[in-house]
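Coordinate inspection notes
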Amino acid sequence: MAGRVLMLGTFDSKGEEYAFLRDRILACGCEVVAINAGVDGSTDLFPVDFEADAVADAGGEFLANLREQRDRGHAMSVMNAGAAVLVRKIYDDGKFDGIIGMGGSGGTGIVTSAMRTLPVGVPKFCVSTLAAGDVSPFVGTKDIVMMPSIADVSGINRISRTILSRAAGAICGM
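Reading guide: rules and limits
- Residues numbered from 1 in each chain as written.
- Predicted model: local features only at pLDDT ≥ 70, side-chain atom pairs only at ≥ 80, totals over all residues.
- Heavy atoms only, no water.
- Axes fitted to C-alpha atoms, helices over the stretch in contact; angles between N-to-C directions.
- Helix = DSSP H or I, 4+ residues; strand = E, 2+ residues; numbered from the N terminus.
- Parallel < 35°, antiparallel > 145°, perpendicular 65-115°, else oblique.
- Left-handed = near helix turned anticlockwise from the far one by under 90°.
- Contact = heavy atoms within 4.5 Å.
- Nonpolar A, V, L, I, M, F, W, Y, C, P; charged D, E, K, R; others polar.
- Buried < 20%, exposed > 50% of the residue type's maximum accessible area, 1.4 Å probe, protein only.
- Salt bridge = Lys/Arg side-chain N within 4 Å of Asp/Glu carboxyl O.
- Pairing = 2+ DSSP bridges.

1. Things to note about the packing of helix H4 (residues 72-92) against helix H5 (residues 105-115)
Orientation of H4 relative to H5, taken along the N-to-C sense of each, is 30°, at an axis distance of 7 Å. Relative to H5, H4 is oriented roughly parallel. In this structure, H4 crosses over H5, and the sense of that crossing is right-handed. Residues Arg72, Met76, Met79, Asn80, Ala83, Ala84 and Val87 of H4 form the contact with H5, whose own contacting residues are Gly106, Gly109, Ile110, Ser113 and Ala114. A breakdown of the residues in the contact of H4 with H5 according to their chemical character gives seven nonpolar, four polar and one charged.

2. Re the environment of Phe50
On the secondary structure map, Phe50 appears in the loop between strand E2 (31-36) and helix H2 (52-58). Residue Phe50 is classed as partly exposed on the basis of its relative accessible area of 28%. When the C-alpha atoms of Phe50 and Val33 are compared, they prove to be 8.4 Å apart, with 17 residues separating the residues in sequence. Among residues more than four places away in sequence, those in contact with Phe50 are Val33, Ala34, Ile35, Asn36, Leu86 and Ile90.

3. Side note on the packing of helix H1 (residues 11-27) against helix H7 (residues 158-173)
The interhelical angle for the contact between H1 and H7, taken along N-to-C directions, is 45°, at an axis separation of 9 Å. It follows from the interaxial angle that H1 and H7 lie oblique. The handedness of the crossing between H1 and H7 comes out as right-handed. Of the residues in H7, those in contact with Glu17, Phe20, Leu21, Arg24 and Ile25 of H1 are Arg161, Leu164, Ser165, Ala168, Ile171 and Cys172.

4. A look at unusual backbone geometry
Non-glycine residue Arg70 carries a positive phi angle of around 50°. Assignment of secondary structure puts Arg70 in the loop between helix H3 (63-69) and H4.

5. Some remarks on the pattern of salt bridges
According to the stated counting rule, one finds four salt bridges in the structure shown. The closest approach of N and O atoms between Asp97 and Arg4, which form a salt bridge, is 3.5 Å. A residue pair is termed long-range when its members are at least 10 positions apart, and Asp97 in the loop between H4 and strand E3 (98-103) and Arg4 in strand E1 (residues 4-9) qualify at 93 residues. Looking at Asp97, the relative accessible area reads 34%, which means it is partly exposed. Among the residues examined, Arg4 registers a relative accessible area of 22% and is labelled partly exposed.

6. What about the sheet that holds E3?
An order of E2-E1-E3-E4-E5 is seen for the five strands of this open sheet, with the pairing classed as parallel. Every other strand in the sheet has two partners, leaving E2 and strand E5 (144-148) as the edge strands with one partner each. The average undirected angle you get between the axes of adjacent strands in this sheet is 20°. When strand E4 (residues 124-128) meets E5, the two strands line up parallel, connected through five bridges. Its bridge partner lying in E5, Val127 is registered against Met147. Sheet strands in contact with H7 are E1, E3, E4 and E5, and its direction is about 170° off that of E4.

Below, the structure written as structure tokens:
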């Protein structure tokens, strides 16, 4: 049986990067469950199983309200809370075996808040622009693997191609 990897991220701003990561995970023989936490939209580069409205709803807010308010701090707070609730529910329903995500400060916050709701032993992998510094606020007391993105998570290039390929291999191997 193939492992199932939950891929959580902001597909509105990182669709290309997540499409590449998804392709690498599939090439490793794992299935992908995708959750979009991007307030400003989604992607048409790959199928998304749970869109941002489900994340916002789980966080206690309507996505349309977040878009209308245009308050990034409030939106990130709602999406952090919602991703944590939704990811834990999907895990409890037996829908995935490991989780991966990536981003800068906003994406890293959303991804790791969801990861921290999962039991120790569930594979958790985050590629982040912040991973070269103090990651304790993101990891807490959980077994989250943080990998430095080396360059900004902004497009596919020779560096991001290597980093994301390695990340896919790591989560599938885990």
